[in-house]
Amino acid sequence: MFFYVPMALFLLFLLFPFYWMVITSVRPDGELYRPWNSVNYNPFWTWKPTLDHVRYLFEETLFASWLWNTTFIALASTAISLVCGVFAGYALSRLNFPFAGSLGTGIFITYLVPQTLLFIPLAEIIRNYRLGDTPWSLILTYPTFLIPFCTWLMMGYFKAVPKELEECARIDGASRWQAMLYIVIPVAIPGILSAGIFAFTLSWNEFIYALVFLSSPEQKTVPVGVTSELIRGDVFYWGPLMAGALLGSIPVAIAYSFFVEHYVAGLTGSVKG
Amino acid sequence: MAISAVSDTTLREAPPPRRHRLLEDERWLAFVLLVPTIVLLGMFIAYPFIRGILLSVTSSRVGMPGDFVGLANFYKIFNDGIFRTSVYNTFLYTGVTTVFKLALGLWLAMLLNRNFRGKAFTRAFILLPFIIPTVLSTFAWKWMFDPTFSVLNWLLYHLGLITGRINWLGDPDLAMISIIIVNIWRGVPFFAISLLAGLQTISPELNEAAAIDGAKPWQRFWHITWPLLLPVTMVVMLFSVIQTFADFQIVYVMTGGGPANATHLFATYAYQIGIGTGLLSEGAAISLAMFPVLFLVVIIQLLYIRRVEVR
């Protein structure tokens, strides 16, 4: 009793908004806009499911381009961050060089810098570099919060690889570079997967940079497009909005479902310190 | 033996290209590996930070460079009633949500730490609020809090708890409570899963031994689980405090800072002033006003991690 009741309440609290998203996105408008106190109104189910809202999204808005933009930006910034993070993590955890400690601390501090601290000067810089309203404004800035995280996580994985493994390869004639590329990095592949999936969800999730740096509708990402193009003044198109929220969540949910274990490892690794 | 001797000589006869010899030096290799990271972080974190400080002491607007005005922007915002409300709101928002996220997250972690059927499945589903894009899930909440079509009002009405409608997002206090609820909803999974990882490193034998010695469940929690979990708890809390303090998305979607600017946080107010009305330098000053608190939290975190590592 003390287990199942609280557990059920937790699940209800945590998952109900998603249920509500799903049911709203397949509900006809006539049923959607009924005041909460009207009689014989059952808000939790519908007998007349419809795909109108989804059709509206793809025919009347640029939702398909938003999906493509978000995917492209998330994949590109994840790739950049993984390369940088793996290299930096390797250097900081396995090589001796001056200032290694302070550099590590510096990267850790940038890990804790929230996007909302710098978005105004960054918007100016993006404009000066003539990157405004292009996907590159995000592909280049997302790594600022992804690299520190990837570096931090990879340092943990690299530290666990025994030094002897690398030394053996070097005795057999491999250069440092080869030993890193062919011996140490393959051992840390689970870590790379964790960092990758985590970085992908973070960049899919990012909002304020995308909101500030992108202006034309066809350049927008899903979160920004849904926010700015499905609301006209004070009018909310709740059906398409919820359909957009649902469809915009599916890619990241699928990616997550394939790599749950890696995601959890990334999450807990990121706070292990 | 013979083979290794042979390979040794062949290596010496054909020295690797110069590029590789350079990379044989640890310091050069480290430098090459770190350059991309340093360049990106320097260009898009360190440089904007300096630009932000420079911007905040000028009178720049969009498309207008502006002149040096000293601390006038800071002086102006500290005398601004809305800014003061935002400061109060941000502290309230961070404090209240952190307490609830910790309490509920710890409770959920302890529930998940038992063995039951469908555990992996439950854990995977519980993380959904954390991985689904916040803006998108916040819209679901906004729809649930809608003044006319609120499903929450329907529920409370049919449970007999209310007789009239509650205008969730139209009243300053209720709007604040609403965004606090959404933040808690989004943060509990992160706390729960991180704390669960911490709980799993605590040997069950400790608890069993204490139980045999007659310790009650509450005593066992207080004297065994809590102290052993404290390092993880601290780090998770500090991360969460930074994220919550600088939060933007939930308030932007739920209330946009309204009604009547009553629910602004630092970030949403900075956005409204800096991007909305185009007063770049004032917006930058509002953003930077977060810095002292964030800096303090980062320092605490660094000192704490050091201490744990030394131990």
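- As recorded in an unreviewed UniProt entry, chain B goes by the name ABC transporter permease, listed as coming from Bradyrhizobium forestalis.
- Listed under Subcellular location (unreviewed entry) in UniProt, the entry text for chain B is "Cell membrane".

1. Quick look at the overall build of chain B
Move 1: Scanning chain B from N- to C-terminus turns up 16 helices and 0 strands.
Move 2: A compact globule built from 311 residues should have a C-alpha radius of gyration of about 19 Å, whereas chain B, at 27 Å, is more than 25% larger.
Move 3: Reported as C-alpha extents along the three principal axes, the dimensions of chain B are approximately 95 × 75 × 35 Å.
Move 4: Taken across its 311 residues, chain B has 40% of its residues classed as buried.
Move 5: Counting contacts in chain B only where the partners sit at least 6 residues apart, residues at least 24 apart contribute 68% of the total.

2. A few points about the interface of chain A and chain B
Move 1: Across the boundary between the two partners, chain A contributes 74 residues, which contact 83 residues of chain B.
Move 2: At 11 residues, helix 1 (residues 4-25) of chain A tops the list of elements feeding residues into the side of chain A that touches chain B.
Move 3: When its residues are assigned to classes, the side of chain A that touches chain B shows 54 nonpolar, 18 polar and 2 charged.

3. Some details on the environment of Phe49(B)
Move 1: Within the secondary structure, Phe49(B) is located in helix 3 (residues 26-56).
Move 2: The spatial distance from the C-alpha of Phe49(B) to the C-alpha of Ala284(B) is 9.9 Å, given a sequence separation of 235 residues.

4. Notes on the confidence of the model for chain A
Move 1: For chain A, per-residue confidence averages 87 on the pLDDT scale, and 96% of positions sit at 70 or higher.
Move 2: Mean pLDDT across the secondary structure elements of chain A bottoms out at helix 2 (residues 29-32) of chain A, with 73, and peaks at helix 4 (residues 63-94) of chain A, with 94.

5. Observations concerning the UniProt feature "domain: ABC transmembrane type-1" (unreviewed entry) in chain B
Move 1: This chain's UniProt record puts "domain: ABC transmembrane type-1" (unreviewed entry) on residues 87-301 of chain B.
Move 2: Here residues 87-301 of chain B runs as 75% helix and 0% strand, with 22 Å between its end C-alpha atoms.

6. Overview of the confidence of the model for chain B
All names here are of chain B.
Move 1: Of the residues in chain B, 92% have a pLDDT of 70 or more, and the chain-wide mean is 86.
Move 2: Highest mean pLDDT in chain B belongs to helix 5 (residues 81-112) (94); lowest belongs to helix 1 (residues 2-13) (44).
Move 3: Predicted confidence is poor over residues 1-13, with pLDDT under 50, and the contacts of this stretch with residues over four places away or in other chains come to 2 contacts.
Move 4: Interface predicted TM-score (ipTM) for the complex: 0.90; the corresponding pTM is 0.89.

7. Here's the deal with the environment of Ala284(B)
Move 1: Position of Ala284(B) relative to the elements: it lies in helix 15 (residues 280-288).
Move 2: If we skip the residues at most four places from it in the chain, Ala284(B) touches Ile120(A), Pro121(A), Gly52(B), Leu55(B), Ser56(B) and Gly274(B).

8. As for the domain arrangement of chain B
Residue and element names in this part refer to chain B.
Move 1: With domains assigned, chain B is organised as domain 1 (15-56) and domain 2 (80-310).
Move 2: Of the residues lining the interface, 4 residues belong to domain 1; the matching set on domain 2 comes to 6 residues.
Move 3: Taken together, the residues that form the side of domain 1 that touches domain 2 break down as 2 nonpolar, 2 polar and no charged.

9. Notes on the UniProt feature "transmembrane region" (unreviewed entry) in chain B
Move 1: Taking the numbering used here, the UniProt-annotated feature "transmembrane region" (unreviewed entry) corresponds to residues 28-50, 91-112, 124-145, 151-168, 180-201, 221-242, 249-271 and 283-305 of chain B.
Move 2: Taken end to end, residues 91-112 of chain B is 100% helix and 0% strand, and its two terminal C-alpha atoms sit 31 Å from one another.

10. A closer look at the packing of helix 9 (residues 163-171) of chain A against helix 10 (residues 176-187) of chain A
Pairs of packed helices are described in terms of their axes, by the angle between the two and the distance that separates them.
Residues and elements named next belong to chain A.
Move 1: Axis separation between helix 9 and helix 10 bottoms out at 10 Å; the angle between their running directions is 135°. Viewed along their axes, helix 9 and helix 10 adopt a mutual orientation that is oblique. Note that helix 9 runs across helix 10; the crossing there is right-handed. Contacts between helix 9 and helix 10 involve Leu165, Glu166, Ala169 and Arg170 on the former and, on the latter, Ala179, Ile183 and Val184.

11. Details of unusual backbone geometry
When glycine is set aside, most residues are seen to have a negative phi, and most peptide bonds are trans.
Move 1: You will see that Arg130(A), though not glycine, has its phi angle at about 60°, which is positive.
Move 2: Along the chain, the position of Arg130(A) falls in the loop between helix 6 (115-128) and helix 7 (135-141).

12. Overview of the environment of Trp238(A)
Move 1: With respect to the element layout, Trp238(A) can be found in helix 14 (residues 238-258).
Move 2: Accessibility expressed as a C-beta count within 10 Å gives 23 for Trp238(A), which makes it buried.
Move 3: C-alpha of Trp238(A) to C-alpha of Ala253(A): the two residues are 15 residues apart in sequence and 22 Å apart in space.
Move 4: Each residue touching Trp238(A), except ones within four places of it in the same chain, is listed here: Thr24(A), Leu32(A) and Trp143(B).

13. Observations regarding the packing of helix 4 of chain A against helix 8 (residues 143-159) of chain A
Residues and elements named next belong to chain A.
Move 1: Look at helix 4 against helix 8: their axes get within 7 Å of each other, and the N-to-C directions meet at 45°. For the element pair helix 4 / helix 8, the angle class is oblique. The handedness of the crossing between helix 4 and helix 8 is right-handed.
Move 2: In terms of residue class, the contact of helix 4 with helix 8 is made up of 14 nonpolar, 7 polar and 2 charged.

Parameters at a glance
As a convention, each chain's residues are numbered from 1 in the sequence order in which they are written. Chain letters and ligand numbers both follow the written order, the letters beginning at A and the numbers at 1. Predicted model: local features are reported for residues with pLDDT of at least 70 only, side-chain atom pairs are reported and counted for 80 or more only, and whole-chain, interface and lining totals are derived from all residues. UniProt positions are given in the numbering used here, feature names are shortened, and annotations may be inferred rather than shown by experiment. Counting from the N terminus, the helices are the DSSP runs of H or I reaching at least four residues and the strands are the DSSP runs of E reaching at least two. C-alpha atoms define the radius of gyration in this analysis, and the globule rule sets the expected value at 2.2 Å times the number of residues to the power 0.38. Think of it as a crowd count around each C-beta: if 20 or more other C-beta atoms lie within 10 Å the residue is buried, if 12 or fewer it is exposed, and in between it is partly exposed, with C-beta placed from the backbone throughout. The contact criterion used here is simple: two residues whose C-beta atoms, placed from the backbone, lie within 7 Å are in contact. Put simply, Ala, Val, Leu, Ile, Met, Phe, Trp, Tyr, Cys and Pro go in the nonpolar bin, Asp, Glu, Lys and Arg in the charged bin, and everything else, Gly too, in the polar bin. Values of pLDDT, ranging from 0 to 100, describe the predictor's confidence in every residue of the model. For the domain bounds, the source is a domain assignment made automatically or taken from a database. In this analysis, axes come from line fits to C-alpha atoms, helices being fitted only over the stretch in contact, and the angle between any two N-to-C directions falls in the range 0 to 180 degrees. Should an angle fall under 35 degrees it is called roughly parallel, over 145 degrees roughly antiparallel, and 65 to 115 degrees roughly perpendicular, with every other angle called oblique. The handedness criterion is simple: a crossing whose near helix is rotated anticlockwise from the far helix by less than a right angle is left-handed, and one whose near helix is rotated clockwise is right-handed.

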